[in-house]
Amino acid sequence: MGCYYSRLETKEIVSRCKARKRYMKQFVKARHAFSASHIMYLKSLRNTGAALLQFATAESPLQHHYLPPLQSSSPPPPPPPPRPPMSPTSETWTTSTGNTSTTPLPPPPPPPPPSSTWDFWDPFMPMSEKVDTVRDEEWEEVSTTAPSETVVTTTVTAASVAAPPSVVSGVSNCEMPVVVSSKSKDLMEIIKELDEYFLRAADSGGKLSALLEVPSSPFTEQTSFGKLNGYGKSLNPFLCSWNSSQRFNGFVKFGCDEMTGIGVVDDCTIRGSHCSTVERLYEWEKKLYAEVKNAESLKIEHTKKTEQLRKLELKRGDYVKVEKAKKEVEKLESRITVSAQAIETTSNEIIKLRESELYPQLVQLVKGLMFMWRSLYESHQVQMHIVQQLKYMNIASSATEPTGEIHRQSTLQLELEVQQWHTSFCNLVKSQKDYIQSLTGWLRLSLFQFSKSPSSQNKQDSAIYNLCEEWQLAVDNAPDKVASEGIKALLSVVHAIVVQQGDEQKQKRKSDSLCKELEKKTTELRALESKYGVDSGSLNKKTDRVVDKRAKVEALRLKAEEEKCKYDKSIGVTRAMTLNNLQMGLPHVFQAVTGFANVWTHSFESVCNQANILEEVHDVKRLMMN
């Protein structure tokens, strides 16, 4: 029996179906992991921003000076403002043409929200209008004698702005004047701006969350993924409010009409739920595998019975036995026909699901990825410019306050959240690689059709395979190691602050211990001096005790002063290291994640454009056929 099934499994058609089933099983798991890692990454962005904010709040009383940059050495200009997502085929940007200097100035726009201190200008607004639209109190009025803001003209290229390439948006390179603020900002203000863009970055994944069907309340700790990765842990009750769900605006829910099976995500209508589609495909693949195994076993049995019948006929065997053998062969042939029809039906159901549900869902997922990473790129690019202000900060001469317990706890929390950011980023990249690799593997094997007619080259096949191959290429070529190392580098500098704070507290305990001992020994010395006299003329055993005690107290005093001096220096080292490490780690991490987001934005735009081109070709073919 074992030999029989072993022989059955070696049949190409059976082994192929078994591999298809295995890939689809992996795809089901990968879809779930992709969904989970997606929501955890968005959560990690929010929590990292919150942890930085609470860290800055604790650091603020320790006073850092902001040294405004000289007029000739302004920090790099911020990029254009984040703009709403657009369709790769329909949206374009328009520019003003002609001389507009004589046009009456429009009414001044309302001031920007107070939550952000970056003032962005429309790159296509006439210069005369730009000057008059500066109304926010943060930006001082332009003066020829004492300017407080600098107009910088810089060439905007496809690699340096948040706009997508011209093939998608129609934007060409231009000279863009921008305003750079020279307002003095403390650490708290700078980090608050960073947190705002962390929130924007996390919000950018809402539509994709709906397509991936992540839970609508992602901050519940019910998922095994969250428990395994330690999310939700807080080192101090004081810090819990920063990570509350109030910072979360909620994701778009995925609605699905139970009668029609039509899913709606905002203005995007797709057939079926992606999770349901994938799971149904897996069930059909299991059914197909069972049917193919059954069909092949019937064929083996048919071959065996046919050979037996042939031998009986050659030997002119008993008529009854010959007729019985003929009926068994005919019965097997009938069962083989029914089995072939079942395979045909199952195969067609898989093709139907793949064409009508899976492919549209994949297209929407790629578009969602494009929009998300474009928004992430825009947010991280602004953050990259915001943190440039840190290099103009210096330690205040009065910054001698020691590290408090709340500050210590906030630094530990920041280390934890940056660690989770790193972990969730790696999980996000890996889960998407697993997702597309298992899908592509299944698709390649499913080119094999079980119908007699060569229907494998239907109108959807080339589109879905090209889409997934381009997608896999984009994922495989992503510079995720650079981004991962950038986040890891930030983790290292935060850990160094944690270690230094620990050394400071250790030195404090050592200094406090010596001070207490000195106080105790000094009290004992005063008691001896009171008893035997402070200045005895003649030496004896009793006065020797006073002198000896006095010498020990003096040595202890020197030792205590030395340790107190070390402690004071340790405080200064902590303050300097904190600012220095932020100045070094934050620009590096935002440069790394901005570059990664930029690459993936362009990659997914390319995949979307390819999908659109294929769709247009299919539309033309359908029109020609009709």
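Summary of the structure given here. Residue positions are counted from 1 within each chain, in the order its sequence is given. Only residues with pLDDT of 70 or above have their local features reported here, since the model is predicted, and side-chain atom pairs are shown and tallied only from 80 upward, although totals for entire chains, interfaces and linings are computed over all residues. With hydrogens and water excluded, all non-hydrogen atoms of the structure serve as input to the side-chain values.

This next bit is on the overall build of the protein. When helices and strands are tallied, the protein shows 14 helices and seven strands. Residues classed as buried in the protein amount to 47% of the 626 residues present. We call two residues in contact whenever any of their non-hydrogen atoms come within 4.5 Å of each other. Expressed as a percentage of contacts within the protein between residues at least 6 apart in sequence, the contacts between residues at least 24 apart total 88%. Accessible surface is estimated by sampling points in the Shrake-Rupley manner with a 1.4 Å probe; for residues, cover comes only from the protein chains shown. Of the accessible surface of the protein, which amounts to about 31400 Å², a share of 56% is contributed by carbon and sulfur atoms. The numbering of helices and of strands both runs from the N terminus, where a helix is a DSSP run of H or I of at least 4 residues and a strand a run of E of at least 2. Partly exposed describes any residue whose relative accessible area lies between the buried limit of under 20% and the exposed limit of over 50%, with all areas from a 1.4 Å probe on protein chains only and scaled to the type maximum.

Membership of the largest hydrophobic core comes to 97 residues, with the highest contact counts inside it found for Leu362, Trp373, Trp471 and Leu586. In terms of residues, this core owes the most to one element, helix α10 (residues 319-386), which gives 19 residues. In plain words, nonpolar cores are sets of buried Ala, Val, Leu, Ile, Met, Phe, Trp, Tyr and Cys residues tied together by side-chain atoms within 4.5 Å. Residues Leu525, Val546, Val553 and Ala560 belong to the second largest nonpolar core, which totals eight residues.

In this section: the pattern of salt bridges. What makes a salt bridge here is a side-chain nitrogen of Lys or Arg within 4 Å of a carboxyl oxygen of Asp or Glu, nothing more. Under the criterion given, the structure shown has 25 salt bridges. A salt bridge links Lys433 to Asp480; the nearest nitrogen and oxygen atoms lie 3.8 Å apart. One end of the pair, Lys433, is in helix α11 (residues 405-445); the other, Asp480, is in helix α13 (residues 480-532), with 47 residues separating them in the sequence. Each of Lys510, Lys559, Glu562, Glu563 and Lys566 takes part in salt bridges that share partners, so that together they form one network.

Next up on the list: the packing of aromatic side chains. Pairing of aromatic rings covers Phe, Tyr and Trp, the last through its six-membered ring, and needs centres within 6.5 Å; plane angles under 30 degrees mean stacked, over 60 mean edge-to-face, and all others mean tilted. Considering all chains together, one arrives at twelve aromatic pairs under this definition. Geometrically, the ring pair formed by Trp373 and Trp600 is edge-to-face, given 5.1 Å between the ring centres and 85 degrees between the ring planes. One end of the pair, Trp373, is in helix α10; the other, Trp600, is in helix α14 (residues 541-625), and 227 residues separate them in sequence. You'll find Trp373 and Trp600 in the same group, each marked buried. Summarising the aromatic geometry, the rings of Tyr435 and Trp471 are spaced 5.6 Å apart at their centres and angled 50 degrees between planes, so their arrangement reads as tilted. With Tyr435 in helix α11 and Trp471 in helix α12 (residues 461-476), this residue pair connects regions lying 36 residues apart in the sequence. What makes Tyr435 buried here is its relative accessible area of 0%. For Trp471, a relative accessible area of 0% corresponds to the buried category.

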